[in-house]
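For reference, the chains in residue letters:
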Amino acid sequence: MSNEEELRRLDEEIARLKEENREQREQIGEMGPTDQAEISALITQADEQAGLISELEERRESLRRRPDE
């Protein structure tokens with residue numbers, strides 16, 4: 001896979017994950033009184049997804065700095 005193809009794939013994946021993460025956090029904010037353990041688990045899941053997004057963004061930047069092979 002060329003750098004350009006991988007960059008395109010990463011951009012699509014990052015955009016998808018950011019939208020999912022935004023929706024998750026929005027749902028958490030809209031939750032009424034509920035089980036604190038459930039809210040904590042959802043926040044942890046959203047935070048883990050944000051970490052994955054950061055890793056993918058770092059990979060994308062690394063590819064951008066590398067000459068196309």
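You'll find the structure just up there.
Residues numbered from 1 in each chain as written. Predicted model: local features only at pLDDT ≥ 70, side-chain atom pairs only at ≥ 80, totals over all residues. Heavy atoms only, no water.

Caption draft 1: Main features of the environment of Asp 47. Inspection of the secondary structure assignment puts Asp 47 in helix 2 (residues 36-65). The exposure class assigned to Asp 47 is partly exposed, which follows from its relative accessible area of 42%. Along the sequence, Asp 47 and Gln 24 sit 23 residues apart, while their C-alpha atoms lie 10 Å from each other. (Helix = DSSP H or I, 4+ residues; strand = E, 2+ residues; numbered from the N terminus. Buried < 20%, exposed > 50% of the residue type's maximum accessible area, 1.4 Å probe, protein only.)

Caption draft 2: Spatial organisation of the packing of helix 1 (residues 3-30) against helix 2. It is at 9 Å that the axes of helix 1 and helix 2 come closest, and there the two elements cross at 160 degrees. As the angle between them shows, helix 1 and helix 2 are arranged roughly antiparallel. In this structure, the crossing between helix 1 and helix 2 has a hand that is left-handed. Taken together, the residues that form the contact of helix 1 with helix 2 break down as 14 nonpolar, five polar and eleven charged. (Axes fitted to C-alpha atoms, helices over the stretch in contact; angles between N-to-C directions. Parallel < 35°, antiparallel > 145°, perpendicular 65-115°, else oblique. Left-handed = near helix turned anticlockwise from the far one by under 90°. Nonpolar A, V, L, I, M, F, W, Y, C, P; charged D, E, K, R; others polar.)

Caption draft 3: Focus on the pattern of salt bridges. Inspection of the entire model under this criterion finds 13 salt bridges. The closest approach of N and O atoms between Asp 11 and Arg 64, which form a salt bridge, is 3.7 Å. Taken as a pair, Asp 11 in helix 1 and Arg 64 in helix 2 lie far apart in primary sequence, 53 residues in all. For Asp 11, a relative accessible area of 31% corresponds to the partly exposed category. The salt bridge partner of Glu 13 is Arg 16, with a shortest N-O separation of 2.6 Å. (Salt bridge = Lys/Arg side-chain N within 4 Å of Asp/Glu carboxyl O.)

Caption draft 4: View of the side chain of Asn 21. If you trace the backbone, Asn 21 turns up in helix 1. Assessed through its relative accessible area of 9%, Asn 21 is described here as buried. Of note is the side chain of Asn 21, whose polar atom sits 3.3 Å from the side chain of Gln 49. In contact with Asn 21, not counting residues within four places along its chain, are Ala 46, Gln 49, Ala 50 and Ile 53. (Polar contact = N/O pair within 3.5 Å; in protein donor to acceptor, adjacent residues only side chain to side chain. Contact = heavy atoms within 4.5 Å.)

Caption draft 5: Examining the environment of Leu 56 more closely. As for its position among the elements, Leu 56 is in helix 2. Leu 56 sits 41 residues away from Ala 15 along the chain, and the two C-alpha atoms are 11 Å apart.

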